[in-house]
Structures are given as structure tokens and as C-alpha cells.
Amino acid sequence: MNSNLAFAIAFVLLWLPSFSLGTTAIPIETASENIFNDKTWLKLLHYQRHAGMTDEYKSTITSPQFFLSEKGRASPKDELLATLQAIYLPANDNPNLHAQCRFRARYLWLKDKYNLSSEPKIHCSDYLKFTSNEGIKSLSLVLATGYLGNPASYYGHLLIKLNTNADSSQNSLIEQSINYGAVLPRKIAPIPYVLKGLFGGFQGSFTNIQYYFHNHQYGENELRDLWEYELKLPQKDVKLISAHTWELLGINFQYFFINKNCAYQMADLLTLSDKVEIPALYSIYAIPQVLPQKLNELGLVQKVKYHPSRQSRFYSTYSKLSTKAKLFLKKSSANPDIPGSFTYSKLNADERRNLIDTTINYYQFLKLKNHNTTLPTAYYDALAASLNEPPVTADKEPRVKLGPESGRKPSSIRISAVSSSNNFDGIGINIRPAYYDTLDADAGHRQNGRLGMLEINARLTKDRLILNSFDLFSIESNVETETNLPGDGGLSWKLRGGSERQNFTCDNCSVARVQGDIGKSYKINSYHFINGYIGGAIHENKNGQGHSFVRASITDTLILNKFSARIAFEQRLHDNNQLKSEQSYAISARYQIDKNIEFRTEFRKNIAYESEIGFGWYW
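As the structure is a prediction and not an experimental result, all values here were calculated from the model.

Thresholds, definitions, all that
Residues numbered from 1 in each chain as written. Predicted model: local features only at pLDDT ≥ 70, side-chain atom pairs only at ≥ 80, totals over all residues. Heavy atoms only, no water. Disulfide = S-S within 2.5 Å. Helix = DSSP H or I, 4+ residues; strand = E, 2+ residues; numbered from the N terminus. Buried < 20%, exposed > 50% of the residue type's maximum accessible area, 1.4 Å probe, protein only. Expected span 1.5 Å × (residues − 1). Axes fitted to C-alpha atoms, helices over the stretch in contact; angles between N-to-C directions. Parallel < 35°, antiparallel > 145°, perpendicular 65-115°, else oblique. Left-handed = near helix turned anticlockwise from the far one by under 90°. Contact = heavy atoms within 4.5 Å. Nonpolar A, V, L, I, M, F, W, Y, C, P; charged D, E, K, R; others polar. Pairing = 2+ DSSP bridges.

A. How the structure looks around the state of the cysteines. Applying the stated criterion across every chain yields a total of two disulfides. Two residues share a disulfide in this structure: C101 and C124, whose sulfurs sit 2.0 Å from each other. With the S-S bond torsion at -80 degrees, the cross-link from C101 to C124 turns out left-handed. In this pair, C101 is assigned in helix α5 (residues 99-102) and C124 in the loop between α6 (104-114) and α7 (125-130), connecting sequence segments 23 residues apart. Relative accessible area serves as the criterion here: at 3%, C124 is assigned to the buried category. Disulfide partner of C506: C509, at an S-S distance of 1.8 Å. The disulfide joining C506 to C509 has a torsion of about 70 degrees about its S-S bond and is therefore right-handed. Grouping residues by exposure puts C506 and C509 together as buried. Numbered by order of appearance in the sequence, the disulfide-linked cysteines of the protein chain pair as 1-2, 3-4.

B. Molecular detail of helix α4 (residues 76-87). The terminal C-alpha atoms of α4, which comprises 12 residues, lie 16 Å apart, in line with the 16 Å expected from a rise of 1.5 Å per residue. Taken together, the buried positions of α4 are P76, E79, L80, L81, A82, T83, L84, A86 and I87.

C. Broad picture of the packing of helix α13 (residues 310-319) against helix α15 (residues 349-370). Contact pair α13 / α15: the axes reach a minimum separation of 9 Å and the direction vectors enclose 150 degrees. Of the possible angle classes, the one that applies to α13 and α15 is roughly antiparallel. For the pair α13 and α15, the sense of crossing is left-handed. Of the residues in α15, those touching α13 at R310, Q311, R313, F314, Y315, T317 and Y318 are D357, T358, N361, Y362, Q364, F365 and L368. Here the contact of α13 with α15 is built from residues that sort into six nonpolar, five polar and three charged.

D. Seen up close, α6. Of all 11 residues that make up α6, eight are buried, and the element is covered over most of its length. R104, A105, R106, Y107, L108, W109, L110 and Y114 are the residues of α6 that are buried. Just past α6, the residue N115 takes up positive phi, approximately 50 degrees.

E. Up close: the pairing of strand β15 (residues 450-460). Bridge count between strand β13 (residues 426-432) and β15: five bridges; the pairing is antiparallel. Bridge pairing in β15 places I429 opposite A458. Inspection of the sheet shows strand β14 (residues 434-436) paired to β15 by three bridges, in the antiparallel sense. When the bridges of β15 are listed, Y436 appears paired with L451. For β15 and strand β16 (residues 465-477), the ladder comprises 10 bridges, and the chain directions are antiparallel. The partner of M453 across the bridge, within β16, is F473. What sits between β15 and β16 in their antiparallel hairpin is a turn of four residues.

The structure is reproduced here in C-alpha cells:
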């Protein structure tokens, strides 16, 4: 046996149970009693108390290699003892496998807590490479806005960027970024994907990659805006959090779409800093937008940077075009592959520059949206023309008026007075855990759209409780054209599942129903939208209305600063051997009293008439 290794083993066996902690020798048992219940230690190991138990823990980490003790997943004390012992072991042939390197955050915290000084000095080359020789200056939280192409990303996505420059905008794309997501098989059908995501059928894991990958994936491929929030945290906390991301790479957790998701895990990382307290994300659901909102409320956001998607950049440059330049672009887009179709004669210097930029953004946007492999001649003509233009100072990247950090809270409750032509007067209650509808879409939400989950609408009359509707999910994706150029815009769609009353003449006629529609949306101007749909539903047969219906619907929506309104009309044909025709309409309006307080009123008809007026609060 190697003499150094033999000496080290003898050293550990003889010296236990005490270690020299700084200048004071503290027995392991005494030290562990003082610190194994420390909140930071519990967070570093991701321990949670068993329900109803005060002294029984279990880590949410499922990877056995994360624990040095066989009892470590359920025993903070045993894992602390094992960690202290491992820290004092000499290095083997691969120092990067030593506990000081593998579990860097644990080591840094224990060293600071007890001023460790007699442990062996281990060179952790892999960790130093990851942290640029411990050169991480700050952390940025990055929010990718919601993406309706993937149920797991409906509410947005969060990641953390490790900034090695004092100015986070410098070399931003080559910085390390930390992501958390579900570990998915190569192929999985949609229904198993959703069910496993909802009920913990996937493992979740942390990964790292340079930020340019996420910037390209979200901003270019998925056309999602990115919001970067550089955080104002003490350097000591930045170092500890960065070290903890290192030791979590490749470590698995049980993943849930609704709560144990990216928002939960990023919040868990950041709460290693005593300055970050965000209990709202430790509930039955965790929404990504809440985390930047909470950090902003705590005064921990020192800089906000908007990274627009390719689509947003295209719309921004198009909005700056003169009328003459817009006509040039419309003409060239009709035949983009004809040489010389791109032209900018009789335009001044600013008009030329804006037209060139818009043309380049337009065809790049179409390539990404339509998954094209080639670009038209007009794109290359514009690219060549840009080389002949004098250099200009880049404009500040476009930013919408408010970022998601300034938006309202995601959940709502509304109390209202309801009058019914069928004697169902009462108090209306609407509870929506998440997220927004066509009248209250806010910063970071899709304008003229809807994304709701687990929404309940009920009414309390003088002698009964009526369930008007329960939406397991309700999604409305209206895709309008901003420019009327070829390829801009697309099909709109709606999907809804849950239960609802068949009409307003009955109080015990709720039916389980799945509905779907497809159509077109038109943006008349920046605040006026018209949507037309055809679709239908499958539902349980009740009161002779059959198992399905088909329908056509149209909505007219007005969205101003604090006021919004919508008129909706629907024609149904029921499959009950008689194709019973049914018409319904609704007129609704909303006024924002405060960021988190609203006033709403609605008049609606579905055989009988109902009117409603009330107030809502967001939390």
C-alpha cells in the first residue's frame, strides 16, 4: 500500500471524531449537531421534511451518486459527517473526483462556516475551467417567453447565465448558462408526454452550455423573446450558487410540469442567498414569470436586457419603414427570386438602411418559420447592398414598454353579482390559478390570446351552488399578420377541455366536453383584432343534445392601455339526429383599476340571458 495513503487512513481513523476547524478543535458530533440542521446545508442537499414530521427528511435528488453516505438521502447528519471525512482525504490519481471538487459548494460553505484550514489542498481543474478560474462576477436570470408549440413551455422557461464580465452584456453569448428540464426519450407520443409530465413520470436534470445555444434555440428557432435580469447579489453568494450549479450537473430530480419545474429549481438555487426569499414558488404550481417579478420586488434586479426574437426584430424594423419603403418591400416580396427585385432607388440614406435591415430580417424570419433550407435572391441582394452602406452606430435593441418583471401576478379571483332571466341570480365566483385571457393579457403574455389552467366558474344562489364551467385547460392562439407581407401570419387555433353548462336555462346540466377550433385572425391596428373560427366539440350526451356539435364563431376584440372589450358570436349545430341549431353571444369588458385589481362586466345569451358585474384581484 502507498505509504502516503496508509498514513492518511490512519490519520482519519485515529483522529475521528474530531477535526481541526481553524484554530479550535471541534468534535465531529458537536459540529454536526450545530450545523446539520442549518437551512443552507439543507438547501445544498435539497432536503424536504416529510409531511407532518419535524425531524424526518428526504432529498428531492434521486441520483445516488450525489450522496457520500448510504443514508445520505434521508439523513442530513450522516451526509454531513461523510462530507467532512471526504474533504480531509488525500487526493487520488484524479483530483477532480475528490469531494472538494465534486461537491464544491458543500466544501466552500463548510470552509467558511468553520474556517477549515488543515484540509489537503486539491487542484480542481474541471471546476476552475467551468468557473473561468473562479472568475464569475454576477448571475443573470433569463426568461424565455411562453411557447405554445410545447406544453412544458406554455408559461415560459427560465435559465441562469454565469457572467464573467462586470458588464453582463460583454461576451454574453459565450458565457456558461445553466438549464433545467425534463430528460425525455427520443420519441414519445403526445398523450403519454403530457401525462408523464403532469404526474412525475420524467426525471429532470441540470445541464450547462454556452448561452449562444439558448439564444439561438429560443430567439431564432422558436421565435421567443428573451429577458435577461442581471442580479444584485453579494460576491460570496454568487460564488456559492455557481459552485452548487457545478455539483448539480447531471444530477436527477423527479420532474413535474406544474410545480417541480424550471421555475422551482431556479428559485431553489437562488435562495442559497439569504437575500432571496420567494415562498410563492413553493406551492402547488410554479410559474416562471413569478421569479423575475419577485426578484424585482426585492430590489435584486440591477439591470434588465431585452433580447428580441428574430420575429420581434423584423416587426421592429418594419415599423420604422416609411410608406415608400414599405411599398418597395411589398413589391420585391411578390417575386423575391427574380434578380434585381430588391431595389431602393429614390430612398434617402435612413430609408435605405431601414429597408435593407428589414428585408434581411424578413427573409431570415420566413426561413425559420417555414423551415426553409434556402433564402431567395432578394435576401442576398439586400445583404450585398448592406456592404455598400456606411457603418452606423447600432440602435439600442427594441424593448416593449414593460417587461415580464413589471407585469401583474399570475393567478386571479373574481367576485361578481349575477342577474339571470331564468331566476338563477346570485354571487359569481371565478378562480383561475393561471394565467391570462384575451382581456387581461399583460407584459410577457401573448396579446389577443388565452392560456388558462384549472379555472373554475361557479355561482352561489339563494338555495344552491351552480357550476358554470371548469376548464382543465383553455388555450387560444391567435396569429395575426403584422405586415401583410407573404408568409407573415398563419392559422389560429383554440383548444379547451373540461366541463360547462349546456345553456343558461338549466342549473344541473354540466357536461364533460373537449373543444377545438381553427381559423384566421386579423389585426386591424395595434389595438383592434378580429378572429374567425370553425370547429366543434365532443361531449357526453345529456338532455338530447347528442355527443357532438360543429360551430362557427367570430370575435371582435379591442385592447387599450387599461380598457379592453370583446364581442363574441357563435352558431352551433348539434348532432342529435335533428341538427338542432343554437346561437349564443357575449359582450364583455374589463377595466384595470390597479396592476393587480380589475373591474369586469359581461352580458351574455345562450337561450336565456345573464349579466354580470364584479371585481377581480390577482395574486
